[in-house]
Each structure stands twice: as structure tokens, then as C-alpha cells.
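# Observations on chain architecture
One letter stands for each residue in the lines below.
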Amino acid sequence: MDLLAQDKKHELLVDRPIAVSAVFEDSGEIAGARDLVREFLTSVQAVHGLPVSRRAMDMVKLAVSELVTNARKFAPGPCLLTLQIKDGAVQVSVWDSSTTLPLLLPADPTRVGQHGLEIVMAVSQSFAIHREPVGKRIAISIVLADDPGGDAAGRQAM
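These lines cover the structure that appears in this document, whether it is placed above or below. Bear in mind the structure is a predicted one, so any value in this text is a computation, not a measurement.

### Examining the overall build of the chain
Check the secondary structure of the chain and you find 4 helices and 5 strands. Its helices and strands in sequence order give the chain the pattern α-β-α-α-β-β-α-β-β, from N to C terminus. Among the 158 residues that make up the chain, the fraction classed as buried is 32%. As displayed, the chain has an accessible area near 9,200 Å², and 57% of this comes from carbon and sulfur atoms.

### Notes on the pattern of salt bridges
Counted according to the given criterion, the structure contains 4 salt bridges. We note a salt bridge from Arg55 to Asp146, for which the minimum N-O separation is 2.8 Å. Here the residue Arg55 occupies a position in helix 3 (residues 54–74), and Asp146 occupies one in the segment after strand 5 (136–143), the gap between them amounting to 91 residues. Owing to a relative accessible area of 38%, Asp146 belongs among the partly exposed residues under this scheme.

### As for the environment of Arg137
Here Arg137 lies in strand 5. Through-space distance from the C-alpha of Arg137 to that of Cys79 is 9.6 Å; in sequence the pair is 58 residues apart. If near-sequence neighbours (up to four positions away) are discounted, Arg137 is found in contact with Ser93, Val94, Trp95, Ala128, Ile129, His130 and Glu132. Engagement of the side chain of Arg137 in a polar contact is seen with the side chain of Glu132, the distance being 3.3 Å.

### Things to note about helix 2 (residues 30–46)
Between its first and last C-alpha, helix 2 extends 24 Å over 17 residues, near the 24 Å set by a 1.5 Å rise per residue. Residues of helix 2 that are buried in the fold lie against strand 1 (19–24), helix 3, strand 2 (79–86) and strand 3 (89–96).

### A closer look at the nonpolar core
In this structure, Leu41, Val64, Leu81, Leu83, Val90 and Val92 are the most contacted members of the largest nonpolar core, which totals 30 residues. Taken together, the elements giving at least two residues each to this core come down to helix 2, helix 3, strand 2, strand 3, helix 4 (116–123) and strand 5. At 8 residues, helix 3 tops the list of elements feeding residues into this core. Ignoring anything within four residues of it in the chain, the contact list for Leu81 reads Val20, Ser21, Ala22, Phe24, Ala33, Leu36, Val64, Val92, Ser93 and Val94.

What counts as what
For every chain, the first residue of the written sequence is number 1, and numbering continues from 1 onward in sequence order. The model is predicted, so local features are restricted to residues of pLDDT at least 70 and side-chain atom pairs to those at 80 or more, both for listing and for counting; the totals for chains, interfaces and linings are taken over all residues. Side-chain numbers come from the whole structure's heavy atoms, not from hydrogens or water. Secondary structure elements follow DSSP: runs of H or I no shorter than four residues count as helices, runs of E no shorter than two count as strands, and numbering proceeds from the N terminus. Three exposure classes are used, based on accessible area relative to the maximum for each residue type with a 1.4 Å probe and protein chains only: buried under 20%, partly exposed in between, and exposed over 50%. Accessible surface is estimated by sampling points in the Shrake-Rupley manner with a 1.4 Å probe; for residues, cover comes only from the protein chains shown. Note on definitions: salt bridges are taken to be side-chain nitrogens of Lys or Arg within 4 Å of carboxyl oxygens of Asp or Glu. The contact criterion used is simple: two residues touch if any of their non-hydrogen atoms lie within 4.5 Å. As used in this structure description, the phrase polar contact means that two N or O atoms lie within 3.5 Å; if the pair is within protein, one of them must be able to donate a hydrogen and the other to accept it, and residues adjacent in sequence are counted only when both atoms belong to side chains. Expected span of a helix, by definition, is 1.5 Å for each gap between consecutive residues, and there is one gap fewer than residues. For this analysis, a nonpolar core means a set of buried residues of the types Ala, Val, Leu, Ile, Met, Phe, Trp, Tyr and Cys, connected via side-chain atoms within 4.5 Å.

Keep in mind these values describe shape, not function.
So, in C-alpha cells, the structure goes:
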């Protein structure tokens, strides 16, 4: 067997991104989005050996829940959720078909409701809204380990 060809085959597998995507078409599937996060991050830790802290698990589920809820509530049609591991963080992307950008309200503890994006921004390392040819995409990043340097203390049972 040609070892160079075999090495190239393995190299291609190693370079593949750790990612998952799913489409959500109704509000009843928001729990499914949280389940996808849990399953994906559990796999990231168990299969790929990357640290995923309890905090990261909880913050990603919370952020995804808020983003998918907003997409289902304010945009017609389905939304697309993508999770990808990059540089020790999970990159979360939620696309929906609405061209209307979300209104980012200032913090107001007396306001009832409409705190979703405020929460997402508070738990995220980065936050961006991108206009797409059709609709928009909200992208956030949340560090996987409690210690961004990758200390084993961030690796906890889920």
C-alpha cells in the first residue's frame, strides 16, 4: 500500500472541521436546538478530547435557545443553526430569512421581555450580525474551557 496516499487520506480527515448544522422550522423545535448543542458539545469532549466546561455547555445552550427563538418568532420560514469548533471556542451561527436587523435595546431591568440579545451578547466572546443575499446571519463565539489557555480544570463531566 502506498504510505504517502494513506497519509494524505488521514490528513484530509484531520483537517475536516468539527461542525454540525440543522434546520428548524417551527417554535416547537427550540428544545431540539438545545439538544443539538448538548449532543454536539458532548461529542466534542468525548470523541475529540477537547475541554468543554459546564459553563460553556450552559451558555451555548442559552444563547442558541435565544437566537433560534428570535429567528422563529420574527422571521418567516425556517432558520439554520450551525455549530463549529474553532480556536478553542464554539462558533454559533443562526441564519433566518428576514432582512430586518434585530433591535439591540439598552439594558433596562424594569423592561419585561426583550432581553434575549442582551443575554446573548453578555455570554459571548464575540457577536456579529451579517446581512446575507437572503436574510441575515447572527454569529457568536463562546470559549469552551473555563481557562481559555486550555487548563484541564475546564474539562468537567457533563
